[in-house]
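# Chains, contacts and geometry: an overview
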Amino acid sequence: MLITQQSKIDTYYQALVERATDFVGIFYVGVKTTSVFCIATCHARKPKKENVEFYTSFKEALDAGYRPCKVCKPTENANQAPEPVERAIKMVKDNPKEKVTDYQLKQCEISPELVRRWFNKHYGMTFQTFQRMYRINNALKELKDGKNATNAAFDSGYESLSGFGYTYKKVVGKSPKNSIEHSVILISRLTTPLGPMFVCATDKGICLLEFVDRRMLETEFKDLQRLLKAKIITGENQHIKQTKKEMGEYFSGQRTHFDIALDTPGTEFQNSVWNCLHQIPYGETRSYQQQAESINNPKAVRAVASANGFNRISIIIPCHRVIGKNGKLTGYGGGLERKRWLIDHEKAHRVK
């Protein structure tokens, strides 16, 4: 929300002047004279106090018409994990079979409290749960490669087969014996110029790519697990790694189409609409009416709009390229200002 309390405005402005690192992510400052917004540590020349206003989230600054500062990149840097948290995550990824303890974190001069707070805020889970999911995902891969449950359990650092079985079933939803033929949905997080996103993937491909503040995201997670008959756990596979690479290229203006494999559970009609979205050229837009006509069902405008709304893979399946018949921007799960930014971004980088 827009900050109107004068004492807070005074405090935030002082933090802006001092480039206070502990205020990163606490506020976003909109500069009226340039129409950009920044985080506390921005190194750009400081604006006068009467020319700024403060918001509690970057999405509110976007909605107010401000664009991200190119110097401090507020939507990226305010949501990236702090350097100590990045090191803690790397410890987990480098040693997926070992439990990283608070003692080990302290030995590396990493505050366990900082790590716990960040994970609760940005992942909605504890650091220990994050670790547990990584270890179980690693065990699942080994089970599918033919390793028996006993060896998978002890190789994953568990001291007993029963403890491994209990944790495995709690995370995956099935026992090790009954889950080999079933897939899981892996979830990871990436930062973009428009804010952090969650990316989910099965063995087949990407099944979700959404901004973390998207409305109804929890409902999407539940629907996805129901449709794919799989549980969501933290981890990465090749599809997720490829998505992060291609998304980086997209936002830098180097990529105009995606090569990522997709897994899109839905009705036949929904998939026909989503396939139609793929046909809209980069840097161009279509109306819902044109989209309905392209699937040979010109009267299905509302049904097409509804199917667009059920698209769980934003940007890659480009529902942001669909606008109203009158040329105005209409509904977008990530927010209209993000939709406007994406359309402008593609127009600016389109090869003419």
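Residues numbered from 1 in each chain as written. Predicted model: local features only at pLDDT ≥ 70, side-chain atom pairs only at ≥ 80, totals over all residues. Heavy atoms only, no water.

### Observations concerning the overall build of the protein
The number of helices and strands found in the protein is 16 helices and ten strands. With 352 residues in all, the protein has 49% of them scored as buried. Considering only residue pairs separated by 6 or more positions, the protein has 61% of its internal contacts joining residues 24 or more positions apart. Carbon and sulfur atoms make up 50% of the accessible area of the protein, which totals about 17900 Å². (Helix = DSSP H or I, 4+ residues; strand = E, 2+ residues; numbered from the N terminus. Buried < 20%, exposed > 50% of the residue type's maximum accessible area, 1.4 Å probe, protein only. Contact = heavy atoms within 4.5 Å. Areas by Shrake-Rupley, 256 points an atom, 1.4 Å probe, with all protein chains shown as cover.)

### Observations regarding empty space enclosed by the protein
Here the structure, examined in full by the defined rule, presents one cavity of 30 Å³ or more. The calculated volume of the largest cavity comes to roughly 40 Å³. Taken together, the residues that form the lining of the largest cavity break down as four nonpolar, two polar and two charged. (1 Å grid on protein atoms, 1.4 Å probe; cavity = no way out; pocket = protein on both sides within 12 Å on 5 of 7 lines; lining within 4 Å. Points joined across faces, edges and corners; volume = space filled by probe spheres on them. Nonpolar A, V, L, I, M, F, W, Y, C, P; charged D, E, K, R; others polar.)

### Here's the deal with the sheet that holds strand S5 (residues 185-190)
If you trace the four strands from one edge of the open sheet to the other, you get S7-S6-S5-S8, paired in mixed fashion. With one partner strand each, in any of the chains shown, strand S7 (206-211) and strand S8 (232-234) form the two edges of the open sheet. When strand polarity is set aside, the average angle formed by the axes of neighbouring strands in this sheet is 30 degrees. Judged from the five bridges that link them, strand S6 (residues 197-201) and S7 form a sheet pairing that is antiparallel. When the bridges of S7 are listed, Phe-198 appears paired with Glu-210. Packing of helix H11 (residues 217-228) onto the sheet brings it into contact with S5, S6, S7 and S8, and relative to S7 it is tilted by some 175 degrees. Sheet contacts for helix H12 (residues 238-251): S5, S6 and S7; angle to S5, the most-contacted strand, approximately 25 degrees. (Pairing = 2+ DSSP bridges. Axes fitted to C-alpha atoms, helices over the stretch in contact; angles between N-to-C directions.)

### Notes on helix H4 (residues 83-94)
The terminal C-alpha atoms of H4 lie 16 Å apart, and with twelve residues this matches the ideal 16 Å at 1.5 Å per residue to within 8%. Taken as a whole, H4 has its buried residues at Val-85, Ala-88, Ile-89, Met-91 and Val-92. Considered in projection along H4, the buried side chains sweep an arc of 150 degrees and stay on one side of the axis. (Expected span 1.5 Å × (residues − 1). Arc of directions from axis to C-beta.)

### Regarding the nonpolar core
One finds Phe-119, Phe-127, Phe-130, Met-247 and Ile-315 to be the most contacted residues of the largest nonpolar core, which totals 65 residues. With near-sequence residues (within four places) excluded, Met-247 lies in contact with Leu-190, Met-197, Leu-209, Phe-258, Ile-315 and Ile-316. Counting residues in each nonpolar core, the second largest holds 27 residues, with Val-31, Cys-38, Val-52 and Tyr-66 among its members. (Core = buried A, V, L, I, M, F, W, Y, C linked by side-chain atoms within 4.5 Å.)

### Let's talk about the sheet that holds strand S4 (residues 67-68)
If you walk across this open sheet you meet the four strands as S3-S1-S2-S4, and the pairing is mixed. Each having just a single partner strand, strand S3 (52-55) and S4 make up the two edges of the open sheet.

### With respect to the environment of Ala-230
Position of Ala-230 among the secondary structure elements: in the loop between H11 and S8. Residue Ala-230 is classed as buried on the basis of its relative accessible area, which comes to 6%. Sequence separation between Ala-230 and Val-184 is 46 residues, and the spatial gap between their C-alpha atoms is 5.0 Å. In contact with Ala-230, other than residues within four places in its own chain, are Ser-183, Val-184, Ile-185 and Gln-225.

### What about the environment of Pro-265?
Considering the arrangement of structural elements, one finds Pro-265 in the loop between H12 and helix H13 (268-278). For the pair formed by Pro-265 and Asp-223, sequence separation is 42 residues and the distance between their alpha carbons is 9.7 Å. Contact partners of Pro-265, with chain neighbours within four places excluded, come to Leu-224, Leu-227, Leu-228, Trp-274 and Arg-312.

### Regarding the packing of aromatic side chains
This model, assessed by the stated rule, comprises 15 aromatic pairs. An angle of 35 degrees between the planes, with centres 5.5 Å apart, marks the rings of Tyr-250 and Phe-258 as tilted. Each member of the pair Tyr-250 and Phe-258 is classed as buried. These aromatic residues form a ring-pair network of at least three members: Tyr-250, Phe-251, Phe-258, Tyr-282 and Trp-341. Sitting over the face of the ring of Phe-211, Arg-338 holds its NZ or CZ atom 4.0 Å from the ring centroid. (Phe/Tyr/Trp six-rings, centres within 6.5 Å; stacked < 30°, edge-to-face > 60°. Lys NZ or Arg CZ within 6 Å of the ring centre and 35° of its normal.)

### What to know about the side chain of His-320
Residue placement: His-320 occurs in the loop between helix H15 (301-309) and strand S10 (322-323). By relative accessible area, His-320 is classed as buried at 0%. Apart from residues lying up to four places away in sequence, His-320 is in contact with Tyr-250, Ile-315, Tyr-332, Lys-339, Leu-342, Ile-343 and Glu-346.

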